[in-house]
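Single-letter residue listing:
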Amino acid sequence: MSDTANPEVKQSFQLKSANISLTALELYYFDEHEFEANLRDKISQAPGFFKDIPLVISLDKYEGIDSEIDFFKIIGTCRRHNIQVIGVRAANENQRRLAKGASLALMPGGSVRERPTTPEAAAEKAEPVTETPAVTLAPEPAATKIVTQTVRSGQQIHAPEGDLIILAPVQAGAEVLAAGNIHVYGALRGRALAGIHGAESARIFCQSLEAELVSVAGHYKIPEDLQNNGWKSAVQIQLKDDVLVVSPLEKG
Amino acid sequence: MARIIVVTSGKGGVGKTTTSASISTGLAKRGHKTVVIDFDVGLRNLDLIMNCERRVVYDFVNVIQGEATLNQALIKDKRVDTLYILPASQTREKEALTKEGVEKVINELSETFDYIICDSPAGIEHGALMALYYADEAVVVTNPEVSSVRDSDRILGIMQSKSRRAEMGQDPLKEHLLLTRYNPDRVERGEMLSVQDVEEILAIPLLGVIPESQIVLNASNQGLPVILEEDSDAGQAYDDAVARLLGEEREHRFMTAQKKGFFSRMFKGG
């Protein structure tokens, strides 16, 4: 579609925004030998989990002297254990300079959102760790947009970051778009585009499928393709192996 | 304070002006002081249907631009003495209707009238936006066919976002669905959408169903609001709609094709 829409020279790449969940190592102080011992200990709890993971060093809670931080040693130690240090969340200018010196990316600062299980709680659990014992740099819970009024012809509702929930019909000639999932608690008669930034796991849910177009991450279907399957009934639409699949919503 | 009601549809030719004429006449007949404003600058028709086209001296745009006073422009209806008509200009541009100008006229009318009926032009352009901007309520005139329903849906969406009430964050306009040119025989044959279909799609309360009738056309040509054809089904249907607008409970009629049912309903409903 983009080829016909854009007859100009095809580019070798495209820039897209992406939200990637990373593991952060929150450093309190740095001692080369202790660091390696602690790291080895953590990895032994869940060897599979740590293999080849990208890691961010977070210095928000660093209590030692900045000059003691040796990023080259940290990188080297981690690499010996198959962990790739990719960046640093620095708390001050000194740390940023050190990180740059080690060619590490500077991650935007701000509050680190801790998972409900704190590192302490996770460490206390004796069970095999499938969760990361370190703090995860989870993206902020994406903003969900909730609409209670009928979406009328000519109106466009956009949830650029998260899910879109509509507690009313979406009329023919209306358009609803979301970075995440789209839920329509009513008839979907207009156009619905989920995963507009490329999220292939996004889904569309509606109580009656009468749509002019449904799309997940750029894969779309029009009524001609939809009418034989789930038309005018409650369905969900998702992407499976690059094909849009319409399946009935089971009544529970 | 006057109740300001816009009669609108999006689509043209569905019966906005016919409806404006009948609703304003019906309200006035019940003793409410009513004015009906024609917002269709350049394509004015209301004065024809109200049979006052030969009495137009000054118009809405003259008043907005200060070339005439409201009292000079208002035309008193000859049949119902609490009814006034503010005609549109036939020679001006639609842009002559400024927000400030319309507001000034509506505020002035609000002081003396009980009801202000705004007869909207078709489309979703400036004139239609001005007609709905100051309204408290909307009568959405729809024919039982897909394109008309779609356009009504569009205009409902515009009222949700572009009316003064929407811009000021006040309660939304009160919406009423008026289904016109309804032909139960054709609905039964599947050639027209049914009342239920339209109600289900638009999801707004039904004010009335006006049956398709030759009387409507004849009345328009004679310059007679069809509500004054009191023996006709269309006239009675408009009378029901006005009664419902005033809060009266009336059973919907003229919705089925069976002649027998039609008469029994007529005598029962009065």
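None of these values were measured; they are calculated from a predicted model.

**Here we look at the interface of chain B and chain A**
The extent of an interface is frequently quoted as the accessible surface area lost upon association of the parts. Listed by partner, the interface residues are twelve residues for chain B and eleven residues for chain A. When chain B packs against chain A, close to 970 Å² is buried across both sides, 35% of that on carbon and sulfur atoms. On the chain B side of the contact with chain A, B:R150, B:D153 and B:Q160 bury the most area, a combined 50% of that side's loss. Note that B:E200 and A:R189 form a salt bridge whose closest N and O atoms lie 3.0 Å from each other. Between the two partners, chain B and chain A, sit eight residue pairs in polar contact (both at pLDDT 80 or more). It is helix α7 (residues 146–162) of chain B that provides the largest number of residues to the side of chain B that touches chain A, a total of six residues.

**Notes on the pattern of salt bridges**
Residues and elements named next belong to chain A. Summed over the entire model, instances satisfying the criterion amount to 29 salt bridges over all chains. Note that E32 is salt-bridged to K73, the shortest N-O span being 3.5 Å. Of the two residues, E32 sits in helix α2 (residues 32–45) while K73 sits in helix α4 (residues 71–80), which places them 41 residues apart along the sequence. By relative accessible area, E32 is classed as partly exposed at 31%.

**Description of the packing of aromatic side chains**
Residues and elements named next belong to chain B. Applying the stated rule across the entire model yields four aromatic pairs over all chains. Pairing F39 with F60 gives two aromatic rings, centres 5.1 Å apart and planes at 80°, and the pair type is edge-to-face. In this pair, F39 sits in the loop between β2 (34–38) and α2 (46–49) while F60 sits in helix α3 (residues 60–64), placing the two residues 21 residues apart along the sequence. Above the ring of F113, the side-chain terminus of K33 is found at 4.7 Å from the ring centroid.

**Digging into the packing of α2(A) against α4(A)**
All names here are of chain A. Across the interface, α2 lies against α4 with an axial gap of 10 Å and an inter-helix angle of 30°. Relative to α4, α2 is oriented roughly parallel. Two packed elements cross with a definite hand, and for α2 against α4 that hand is right-handed. On α4, the residues that touch E32, F35, E36 and L39 of α2 are K73, I74, T77, C78 and R80.

**Thoughts on unusual backbone geometry**
A positive phi angle, near 60°, is found at A:S103, a position not held by glycine. On the secondary structure map, A:S103 appears in the loop between α5 (93–101) and β4 (105–106). Relative accessible area serves as the criterion here: at 67%, A:S103 is assigned to the exposed category. Backbone geometry at B:F254 places phi at a positive 60°, although glycine is not the residue there. Checked against the element boundaries, B:F254 lands in the loop between α12 (233–245) and α13 (259–269).

**Some words on α7(B)**
Taking 1.5 Å of rise per residue, the 17 residues of α7(B) would be expected to cover 24 Å, and the 24 Å separating its terminal C-alpha atoms lies within 8% of that figure. The set of residues buried in α7(B) consists of B:S148, B:V149, B:S152, B:D153, B:I155, B:L156, B:G157, B:I158 and B:M159.

**What to know about the packing of helix α6 (residues 126–133) of chain B against α7(B)**
All names here are of chain B. In contact at an axis separation of 10 Å, α6 and α7 are set at 60° when each is read in the N-to-C sense. With respect to α7, the axis of α6 lies oblique. Both α6 and α7 take part in a crossing whose hand is right-handed. Touching L129, L132 and Y133 of α6 are I155, I158, M159 and K162, all from α7. Counted by class, the contact of α6 with α7 contains six nonpolar, no polar and one charged residues.

**Section: the confidence of the model for chain B**
Summarising the model, chain B shows a mean pLDDT of 92, and 95% of its residues fall at 70 or more. With pTM at 0.66, the complex prediction returns an ipTM value of 0.74.

**Section: the nonpolar core**
Residue and element names in this part refer to chain B. Formed by 51 residues in total, the largest nonpolar core has its most connected members in F39, F60, L97, V102, L109 and I116. The element best represented in this core is α7, accounting for five residues. Beyond its immediate sequence surroundings of up to four residues, I116 is in contact with A2, R3, I4, I5, V35, I37, I106, L109 and S110. Counting residues in hydrophobic clusters, the runner-up holds 36 residues, among them A21, L27, I49 and L245.

Conventions used here
- Residues numbered from 1 in each chain as written.
- Chains lettered and ligands numbered in written order.
- Predicted model: local features only at pLDDT ≥ 70, side-chain atom pairs only at ≥ 80, totals over all residues.
- Heavy atoms only, no water.
- Contact = heavy atoms within 4.5 Å.
- Buried area = accessible area lost by both parts, 1.4 Å probe.
- Salt bridge = Lys/Arg side-chain N within 4 Å of Asp/Glu carboxyl O.
- Polar contact = N/O pair within 3.5 Å; in protein donor to acceptor, adjacent residues only side chain to side chain.
- Helix = DSSP H or I, 4+ residues; strand = E, 2+ residues; numbered from the N terminus.
- Buried < 20%, exposed > 50% of the residue type's maximum accessible area, 1.4 Å probe, protein only.
- Phe/Tyr/Trp six-rings, centres within 6.5 Å; stacked < 30°, edge-to-face > 60°.
- Lys NZ or Arg CZ within 6 Å of the ring centre and 35° of its normal.
- Axes fitted to C-alpha atoms, helices over the stretch in contact; angles between N-to-C directions.
- Parallel < 35°, antiparallel > 145°, perpendicular 65-115°, else oblique.
- Left-handed = near helix turned anticlockwise from the far one by under 90°.
- Expected span 1.5 Å × (residues − 1).
- Nonpolar A, V, L, I, M, F, W, Y, C, P; charged D, E, K, R; others polar.
- pLDDT = per-residue confidence, 0-100.
- Core = buried A, V, L, I, M, F, W, Y, C linked by side-chain atoms within 4.5 Å.

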